[in-house]
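# Reading the structure
What follows is the residue order along each chain.
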Amino acid sequence: MIFDSLQNCALYANVHPRLKKAFELIASTDWTALEPGIHELDGRDIYVNIMERDLKKKDDAKLEVHDEYIDIQVLLSGSAESFGWSERKALNKPQGEFNKEKDILFFDDEPQTYYTLQPGQFTVLFPQDGHAPLVGEGKVRKAIVKVRM
């Protein structure tokens, strides 16, 4: 897991071969022009899901993991968004089977910790990171940039 300000995203460009291009696309995209929904930025190798959502109470936000994609989650508007986080290897209460089509599996485990994004910040979540997004009060607009492993 990475948590930082967008002004520092170049520091992480070499962590994975597609992250440099993903951060370049994040910097060059007019997020206000995109409607909510899925938009391909580099085919299915890098795409974004623009979401406008109400935030949830901690108890209602379930930890999730992905196998095929890295998430770069960017808070576009709203005062803050908190995330629950746990190491994937510590998760042992799956809700059913892994959904390969949606690249997701949810868990009933409690997060090991929480952290909070402010506008202008991002978090990178790898397959080893269990994460419970959308925690807090109010409404947010966010970009979830999906980067194929």
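Structure shown above.
Residues numbered from 1 in each chain as written. Predicted model: local features only at pLDDT ≥ 70, side-chain atom pairs only at ≥ 80, totals over all residues. Heavy atoms only, no water.

### What to know about the sheet that holds strand β9 (residues 121-125)
Going by this rule: Pairing between strands is defined by DSSP: at least two bridges between them are needed. Helix and strand definitions follow DSSP, with helices as H or I runs of at least four residues and strands as E runs of at least two, each counted in order from the N terminus. All axes here are fitted lines through C-alpha atoms, helices being fitted over the stretch that makes contact, and every angle between N-to-C directions spans 0 to 180 degrees.
Judged by pairing direction, the sheet is antiparallel, and its six strands sit side by side in the order β1-β9-β5-β11-β3-β2 without closing on themselves. For this open sheet the edge positions go to β1 (2-5) and β2 (37-42), each flanked by a neighbour on one side alone. Strand-to-strand twist in this sheet, taken as the mean axis angle between neighbours without regard to direction, amounts to 20°. Taken together, the eight bridges between strand β5 (residues 69-77) and strand β11 (residues 139-148) define a ladder with antiparallel strand orientation. Of the residues in β11, the one forming a bridge with S77 is R141.

### Re the nonpolar core
Stated formally: Note on terminology: a nonpolar core comprises buried Ala, Val, Leu, Ile, Met, Phe, Trp, Tyr and Cys residues joined through side-chain atoms within 4.5 Å. Whether a residue is buried, partly exposed or exposed follows from its accessible area with a 1.4 Å probe, protein chains only, as a fraction of its type maximum: under 20%, in between, or over 50%, in that order. Throughout, a contact is declared for two residues whenever any of their heavy atoms are within 4.5 Å.
Grouped together as the largest cluster of nonpolar side chains are 22 residues, with contacts concentrated most on F23, W31, I72, F122, V124 and V145. Counting only elements with at least two residues in this core, the list comes to α1 (19-28), β3 (46-54), β5, β9 and β11. Ranked by residues supplied to this core, first place goes to α1 with five residues. Discounting chain neighbours no more than four positions away, the residues touching F122 are I2, F3, D4, S5, L6, C9, Y12, F23, I72, Q73, V74 and L117.

### Topic: α1
Put simply, the test is: Of all possible arcs, the one meant is that of the directions from the helix axis to the C-beta atoms.
All buried positions along α1 are accounted for by L19, A22, F23, L25 and I26. For α1, the arc enclosing every buried residue in end-on projection is 160°, short of the 170-degree limit, so these residues lie on one face. Turned more than 90 degrees off the buried face of α1, the exposed positions are A27 and S28. Considering only its buried residues, α1 is in contact with β2, β3, β5, β9 and β11.

### Quick word on the side chain of D129
For the record, the criterion: Under the convention used here, Asp and Glu are negative, Lys and Arg are positive, and both His and the chain ends fall outside the count. The working definition used for a salt bridge is a side-chain nitrogen of Lys or Arg within 4 Å of a carboxyl oxygen of Asp or Glu. Think of a polar contact as two N or O atoms within 3.5 Å of one another; within protein, one of them needs to be a possible hydrogen donor and the other a possible acceptor, and neighboring residues in sequence only count if both atoms come from side chains.
Following the sequence through the fold, D129 ends up in strand β10 (residues 129-135). Despite its burial, D129 remains without a salt bridge, the nearest opposite charge being carried by R88 at 9.4 Å. Within the structure, D129 has its side chain in polar contact with the backbone nitrogen of M1 (distance 3.0 Å). One polar contact links the side chain of D129 to the main-chain amide nitrogen of F126, over a distance of 2.8 Å. In contact with D129, other than residues within four places in its own chain, are M1, E64, V65, W85, S86, R88 and V124.

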